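Survey of secondary and tertiary structure
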Amino acid sequence: MPIIAKVIVDTPAMTVDRPFDYLIPEQWQDVILPGMRVAVPFGPRQLLGYVVAVADVTALTDTKKLKEIVDIFDVRPVLTPEMLALGEWMAQDSLNFRISIFQTMLPNLMRGSYEKYFVLKNWDNTAAVKLFEGSETLDWKAVKDSEFVTALQRWIQAGDIETVYRVSSKETKKTKRALKNCLTETELIASLESLGNQAKAQRKCLAMLLELEATELWVDEAKARGISDAVLRSVAEKGWVTIFSKEIDRDPYANHHFEKSEPLDLTTDQETVFQRIFEVQREKIAKTFLLHGVTGSGKTEVYLQTIAEALKLGKQAIMLVPEIALTPQMVERFKSRFGKKVAVLHSALSAGERLDEWQKIEREEADIVVGARSAIFAPLTNIGLIIIDEEHEATYKQEDYPRYHAREVALWRAQHHQCPVVLGSATPNVESFARATKGVYELLELPERVNNRPLPTVEIVDLKDELRQGNTSSFSTVLLDKIKDRQQKGEQTVLMLNRRGFASFVMCRDCGFVPECPNCSITLTYHKLRHQLKCHYCGHQAPMPPQCPSCQSEHIRQYGTGTQKIEEELLELLPDIRIIRMDVDTTSRKGAHEKLLTAFGNGEADILLGTQMIAKGLDFPNITLVGVLNADTALNVPDFRASERTFQLLTQVSGRAGRHQLLGEVVIQTFNPDHYSIQLAQYQNYIAFYNQEMGLRKLTGYPPYYLTALIQVTSTDERKGEETIANITGFLKRELNEQTILLGPTPAPIAKIKNRYRYQCLIKYKVEPNLRDVLRRVLETYQKEIRNGLTVSIDFEPYTMM
Ligand code: ADP
Ligand code: ZN
Ligand code: ZN
């Protein structure tokens, strides 16, 4: 009998990353399993912990020293053995804290506080109901009783209860009063007759029940039909209906109707790709495909059909999309094809909705999970296919704890389930494409748009020429003419303002003074609405100075361009144009994004103006013009991926034009018309871009020619930070191979955030078998110093190096 549990404790500051041993009280010895949540004493407090293993006593264990587990929260593990193994791998491979991994795997509401109680659901009329007659929720005091937990387990094993969740009070679903019809049709008619001409209101209620298709109805709805509370009470007294409180399922798409869609007949190219994936699905082996298909080549249709095959094989599927909240059209395509089998997980869900979707997956009511990055941890147990759409997107890499790339987690899970992974993109990540050319991934291609629809033609406008001709507006003559033309024809235009590193900042024209945040080494951004300056990193706010604080000149004003300013400018040029603006300001409210897109889809505007968020996933037939107002801002970022990002973004956004019957056109405005990433985006020539980029990566020693790891040190004390990064770099120099390159120590590109000084050192290496061990020693040396205001972090294959 195992009597010791190894527990990862949810400590507030992440300072320890190892399991602690606890004694399992006798009554729980056959109850506690790895993957369950427990409460354990930790120092002066009781904390939540995750059991990662149970063990017998060994000769070495001194059980007298061990404390006991105080409480358990689950009757069934919330982390499957697969998830525990995956967590261990993520801890070893990326030096992540185990606790942060578990927190990411589970919905928010399942961690933290543990004032909880059980909610029983889906029981059939057996033990549970008899014991707790009439009550759906149980007081948690009852749960403390160990007998109860054991009994629950027995009932579950016997199949008396299907699902038991222990949740915090915050987690419980909202309930609403509902009424249930207790009469058969004949009884209803009899009752109606018995009332004769009396009790008009009650008759109305019975008539409504007769009409009703379901046996249940929300009380709200009954009231809306003119049935009062008093009437409901009187019919309930007669036993004709019962009134009870019913849980409301938190379904973010509850109010949507999805028109059922049928699979399309695949084109020859799609068919070839589909057959190859299907072959591997049947073989049930882990294999990674890179699906390189131009925008509009029908990748999504292939995804849908291979997922359908996975289901037919009795398997489940995960489909990752970047920032899914931003692509309601994608959700729509999945829900229309697969209906209720689809669970959707993304960050714009409320915590409750997220928990409900997660539980729906765990109960195996959903076979398909569509979601953003962390949906890769969906608790499916029988995965037959994993798809990552737009696999090149930076959002798949989490740069915060725990650091992971969804692609790598996908490959791990595919290995575990022995199933294929499909990485899809029109502009694959350069490293992924390199792997495909080496045969690590298998390359599949969709080189043409569906039904020979041509790719849009792209024109590049040199903004320097415009300036020379005296045009200082944000719109070149060419672009403006084309916008007018579309407006006249009743066609639509998408305008993208590339905001990366390009917020509107304030500058003094006389002395060049730019206000900076006192806490962060970053310029403050001007907010028109409040006429204020704001820091995007720490939230610091300051009034807009009327004069330059440095030279007292009055020529201090905002530069740079926000979407709002562009909107004003365009309205001045074309007063009757209808614009829908999509940016953080207009989309911060829940569902706002979707509303704006629907309005645009319905033709309520000529122009959709937005930031990068409009580049992806839009598929509207009437878009025939795409304008990129400033292509090069993404180039001016200190990052070896800057060119790649620019190329990808331009190709993506160009792909929004002319996807259906009408031909598409694109105008790209830039100050760097000769840059290869812009030139090659003009021809949407991925291969040429790849070759050129690879040449540069080789020359400069970046991935995929070198592997990278970034060490960052932050400190409240400038000198201490400097010292630490210098010490670490010195240590690495001694421990690592001579061929390994260390770029650093240097201050980070943003040298200070929230009053913390930041330093870094980038490791570029080819073969470094001991790297993880060496870096673990670095972490262990400095973890103790967190309390002294020092942090050390390590990011393998970083995406951004700010
Ligand atoms: P991608 O994901 O590669 O951008 P989509 O799957 O969105 O491409 O397809 C582009 C457009 O072509 C969509 O409107 C889609 O409905 C349509 N489409 C895809 N496959 C077919 C097909 N086999 N026959 C007809 N239309 C198709
Ligand atoms: Zn000045
Ligand atoms: Zn700041």
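Residues numbered from 1 in each chain as written. Chains lettered and ligands numbered in written order. Predicted model: local features only at pLDDT ≥ 70, side-chain atom pairs only at ≥ 80, totals over all residues. Heavy atoms only, no water.

A short note on the sheet that holds strand S13 (residues 342-345)
Pairing is parallel in the open sheet, where 7 strands are placed in the order S13-S14-S12-S15-S18-S11-S19. The two strands at the open ends of the sheet, each matched to only one other strand, are S13 and strand S19 (442-446). When strand polarity is set aside, the average angle formed by the axes of neighbouring strands in this sheet is 20 degrees. With 4 bridges connecting them, strand S15 (residues 383-389) and strand S18 (residues 420-425) associate as parallel partners. Bridge pairing links Ile386 to Val421 in S18. With respect to the sheet, helix H10 (residues 268-283) is in contact with strand S11 (287-293), S15, S18 and S19, its orientation differing from that of S19 by roughly 150 degrees. Contacts from helix H14 (residues 406-417) reach S11, strand S12 (316-320), S15 and S18 within the one sheet, and its direction differs from that of S15 by about 165 degrees. (Pairing = 2+ DSSP bridges. Helix = DSSP H or I, 4+ residues; strand = E, 2+ residues; numbered from the N terminus. Axes fitted to C-alpha atoms, helices over the stretch in contact; angles between N-to-C directions. Contact = heavy atoms within 4.5 Å.)

Considering the UniProt feature "binding site: Zn(2+) 1" (unreviewed entry) in the chain
Using the residue numbers shown here, the UniProt feature "binding site: Zn(2+) 1" (unreviewed entry) corresponds to Cys508, Cys511, Cys548 and Cys551. Despite a sequence span of 44 residues, these residues sit close together in the fold, their greatest C-alpha distance being 8.6 Å. Relative to the elements of secondary structure, Cys508 occurs in strand S22 (residues 505-508). Ignoring anything within four residues of it in the chain, the contact list for Cys508 reads Phe513, Cys548, Cys551, Ser553, His555 and Ile556. Positionally, Cys511 belongs in the loop between S22 and strand S23 (525-527). Cys511 has contacts with Cys548, Ser550 and Cys551, leaving out every residue within four places of it along the chain. (UniProt positions renumbered as here; feature names shortened; annotations may be inferred.)

Topic: the packing of H10 against helix H11 (residues 299-312)
Taken N-terminus to C-terminus, the directions of H10 and H11 make an angle of 30 degrees; their axes are 10 Å apart at the nearest point. When the axis of H10 is compared with that of H11, the two are roughly parallel. Along this stretch, H10 crosses H11, giving a crossing that reads as right-handed. For the pair H10 and H11, contact is made by Gln270, Val273, Phe274, Ile277, Phe278 and Gln281 and by Glu301, Val302, Gln305, Thr306, Glu309 and Ala310, respectively. Considering only residue class, the contact of H10 with H11 consists of 6 nonpolar, 4 polar and 2 charged. (Parallel < 35°, antiparallel > 145°, perpendicular 65-115°, else oblique. Left-handed = near helix turned anticlockwise from the far one by under 90°. Nonpolar A, V, L, I, M, F, W, Y, C, P; charged D, E, K, R; others polar.)

Regarding unusual backbone geometry
In this structure, the amide linkage connecting Tyr401 to the following residue, Pro402, adopts the cis form with an omega of -10 degrees. Structurally, the position occupied by Pro402 is in the loop between strand S16 (397-398) and strand S17 (404-405). With a phi angle near 50 degrees, Gln418 is a residue other than glycine that sits in the positive phi range. When its relative accessible area of 32% is taken as the criterion, Gln418 is described as partly exposed. The phi dihedral of Asn451 is positive, around 55 degrees, even though this residue is not glycine. Counting through the fold element by element, Asn451 comes out in the loop between S19 and strand S20 (457-462). (Buried < 20%, exposed > 50% of the residue type's maximum accessible area, 1.4 Å probe, protein only.)

Regarding the nonpolar core
Formed by 89 residues in total, the largest nonpolar core has its most connected members in Leu79, Ile376, Leu608 and Ile668. The contacts of Leu608, once residues within four sequence positions are left out, are Thr493, Val494, Leu495, Ile580, Met582, Leu597, Phe600, Ile614 and Leu618. Membership of the second largest hydrophobic core comes to 29 residues, among which are Tyr253, Ile277, Val302 and Val422. (Core = buried A, V, L, I, M, F, W, Y, C linked by side-chain atoms within 4.5 Å.)

Re the sheet that holds strand S34 (residues 790-796)
Within a sheet, adjacent strands bond to each other through the backbone by hydrogen bonds, running parallel or antiparallel. With respect to topology, 4 strands assemble into an open sheet ordered S32-S33-S31-S34, the strand pairing being antiparallel. Lying at the two open borders of the sheet, with one neighbouring strand each, are strand S32 (741-753) and S34. Pairwise comparison of adjacent strand axes, ignoring direction, gives a mean angle of 20 degrees for this sheet. Summarising the sheet, S32 and strand S33 (residues 756-765) pair through 7 bridges and their orientation is antiparallel. Opposite Lys752, over in S33, you have Tyr757 as the bridge partner. Against the sheet, helix H25 (residues 771-783) engages strand S31 (707-715), S33 and S34, with an angle of about 160 degrees to S34.

Examining the pairing of S18
Extensive coverage of S18 is indicated by the burial of 6 of its 6 residues. Residues Pro420, Val422 and Gly424 of S18 are buried on one face, and the alternating residues Val421, Leu423 and Ser425, pointing to the opposite face, are buried as well. In terms of strand pairing, S11 meets S18 through 6 bridges, oriented parallel. When the sheet's bridge partners are listed, His292 is paired in S18 with Ser425.

Regarding the packing of helix H24 (residues 718-735) against H25
Following both chains from N to C, one finds H24 and H25 inclined at 150 degrees, their axes separated by 11 Å at the closest point. Between H24 and H25, the angle is such that the two are roughly antiparallel. Relative to H25, the crossing made by H24 is right-handed. Side by side, H24 and H25 meet where Thr724, Asn727, Ile728, Phe731, Leu732 and Glu735 of the first sit next to Val774, Leu775, Arg777, Val778 and Tyr782 of the second. When its residues are assigned to classes, the contact of H24 with H25 shows 7 nonpolar, 2 polar and 2 charged.

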